[in-house]
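Fold and geometry: a report
So the chains spell out like this:
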Amino acid sequence: MKIAIMGAMREEIDPILATVGEYTRTEHAGTVFYECVYGGHELVIAYSKIGKVFSAITATVMIERFGAQKLLFSGVAGGISEELKIGDLVMASALCQHDVDIVAFGHPYGFIPEGSLMIDTDEILRSLASEVAIDMGIDLYEGIIATGDQFVASSERKSWIQQTFNADALEMEGASVACVCQNFDIPFFVLRAISDTADGGASEDFDAFLKTSAAVSATFILEMVKRLEN
Ligand code: 4EZ
């Protein structure tokens, strides 16, 4: 089975490329796609660049051109839940777009007609992740991830997202990738390690913890790949 592994930033996929060994490199649609065999699976790996539009392009190309049958996202996020500390892992139960606003027409925040406000991740991949966490002795948090084209670095915006969507973490790509996968009927999974807490100190924390948190997420994702059935 061909599996897509994507991140948004180079730092998010570097630890994966460093582990898989030899790979080929193909450029398409402004993105570099790396292909290899790892854990008995064909992988296509890429970083999309930041945000909903670039991540949607990359997810679409991985499915439509590279034939990915499952998609795993690995990266970092801003923590909302008090329980989430820097370096902690959170898997998305569901994702939403916190920056969608057509409330002037009576729609709730995050809702687009004929779309879904929340998109659930694949249940089988989530239970595989829970097994991996137990075996590795890692605490894996499960919760709602809110996505938007904003680096959130304010307590006010963070609280609004928490209250409006009941979100536990936030980032800039998960829900757009979820939307692509839902529309192509591809099982998908989103894992993030916390790099900051999306408030006043977010940009400094992000710079300080991007690499270490990205590595935590990448290690976990590769362990999941090894255990996927063919
Ligand atoms: C977006 N990613 C951050 C990109 C930062 C700097 C050049 C994750 C993320 C995030 N997104 C970590 N912390 C965040 C926060 N506080 N707000 C939004 O997916 C680009």
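Residues numbered from 1 in each chain as written. Predicted model: local features only at pLDDT ≥ 70, side-chain atom pairs only at ≥ 80, totals over all residues. Heavy atoms only, no water.

1. Considering the pairing of strand 4 (residues 41-47)
Most of strand 4 is tucked away, with 5 of its 7 residues classed as buried. Relative to strand 4, strand 1 (residues 2-7) runs parallel, the two sharing 6 bridges. Looking across to strand 4, one finds that Lys 2 is bridged to Glu 42. Bridge analysis of strand 3 (residues 31-38) against strand 4 gives 5 bridges, and the strand direction is antiparallel. Following the sheet pairing, Tyr 38 is matched in strand 4 by His 41. The hairpin turn running from strand 3 into strand 4, its antiparallel successor, is 2 residues long, and Gly 39 in that turn takes a positive phi close to 60°. (Buried < 20%, exposed > 50% of the residue type's maximum accessible area, 1.4 Å probe, protein only. Helix = DSSP H or I, 4+ residues; strand = E, 2+ residues; numbered from the N terminus. Pairing = 2+ DSSP bridges.)

2. Concerning a nonpolar patch on the surface
On the surface, Val 53, Phe 54 and Ile 57 cluster together into a nonpolar patch covering about 260 Å² of accessible area. Along the chain, Phe 54 falls in helix 2 (residues 52-64). You can call Phe 54 partly exposed: its relative accessible area is 37%. (Patch = residues over 30% accessible without salt bridge, like charges linked within 9 Å, V, L, I, M, F, W, Y side chains within 5 Å. Areas by Shrake-Rupley, 256 points an atom, 1.4 Å probe, with all protein chains shown as cover. Salt bridge = Lys/Arg side-chain N within 4 Å of Asp/Glu carboxyl O.)

3. Focus: unusual backbone geometry
Even without a glycine there, the phi angle at Ala 29 is positive, about 50°. Turning to its location among the elements, Ala 29 is positioned in the loop between strand 2 (24-28) and strand 3. Relative accessible area serves as the criterion here: at 45%, Ala 29 is assigned to the partly exposed category. One non-glycine residue, Ala 198, lies in positive phi territory at about 60°. Mapped onto the elements of the fold, Ala 198 is located in the loop between strand 10 (188-196) and helix 6 (202-227). Of the residues examined, Ala 198 reaches a relative accessible area of 0% and is grouped as buried.

4. Quick word on the side chain of Glu 12
Along the chain, Glu 12 turns up in helix 1 (residues 10-20). Judged by relative accessible area, which is 2%, Glu 12 ranks as buried. Within the structure, the side chain of Glu 12 is placed 2.9 Å from the backbone nitrogen of Val 76, a separation counted as a polar contact. Contacts of Glu 12, omitting those with residues within four sequence positions, involve Gly 7, Ser 74, Gly 75, Val 76, Arg 192 and Ala 214. (Polar contact = N/O pair within 3.5 Å; in protein donor to acceptor, adjacent residues only side chain to side chain. Contact = heavy atoms within 4.5 Å.)

5. Re the packing of helix 1 against helix 6
The N-to-C vectors of helix 1 and helix 6 enclose an angle of 50°; their axes lie 8 Å apart at closest approach. Comparing the axis directions of helix 1 and helix 6 gives the class oblique. For the crossing formed where helix 1 meets helix 6, the hand is right-handed. Counting all contacts with helix 1, which are made through Glu 11, Glu 12, Pro 15, Ile 16, Thr 19 and Val 20, the residues of helix 6 involved are Leu 210, Lys 211, Ala 214, Ala 215, Ala 218 and Leu 222. The residue makeup of the contact of helix 1 with helix 6, split by class, is 8 nonpolar, 1 polar and 3 charged. (Axes fitted to C-alpha atoms, helices over the stretch in contact; angles between N-to-C directions. Parallel < 35°, antiparallel > 145°, perpendicular 65-115°, else oblique. Left-handed = near helix turned anticlockwise from the far one by under 90°. Nonpolar A, V, L, I, M, F, W, Y, C, P; charged D, E, K, R; others polar.)

6. Points about the packing of aromatic side chains
Enumeration over the complete set of coordinates arrives at 5 aromatic pairs. Centroid distance Phe 151 to Phe 206: 5.6 Å. Interplanar angle 75°. Geometry classified as edge-to-face. Here the residue Phe 151 occupies a position in the loop between strand 8 (140-147) and helix 4 (155-165), and Phe 206 occupies one in helix 6, the gap between them amounting to 55 residues. Overall, the relative accessible area of 41% leaves Phe 151 in the partly exposed class. Ring centres of Trp 160 and Phe 165 lie 5.8 Å apart, and the angle between their planes is 80°; this geometry places the pair in the edge-to-face category. For Phe 165, a relative accessible area of 3% corresponds to the buried category. (Phe/Tyr/Trp six-rings, centres within 6.5 Å; stacked < 30°, edge-to-face > 60°.)

7. Section: the site of the ligand
Looking at the ligand, there are 16 residues lining it, with Val 76, Val 152, Met 172, Glu 173 and Asp 196 nearest. Note that a nitrogen atom of the ligand is positioned 2.9 Å from one of the backbone N or O atoms of Val 152. Side-chain polar atom of Glu 173 to an oxygen atom of the ligand: 2.4 Å apart, as the coordinates give it. Contact with the protein chains removes 84% of the 490 Å² of surface that the ligand exposes when unbound. (Near = heavy atom within 4 Å.)

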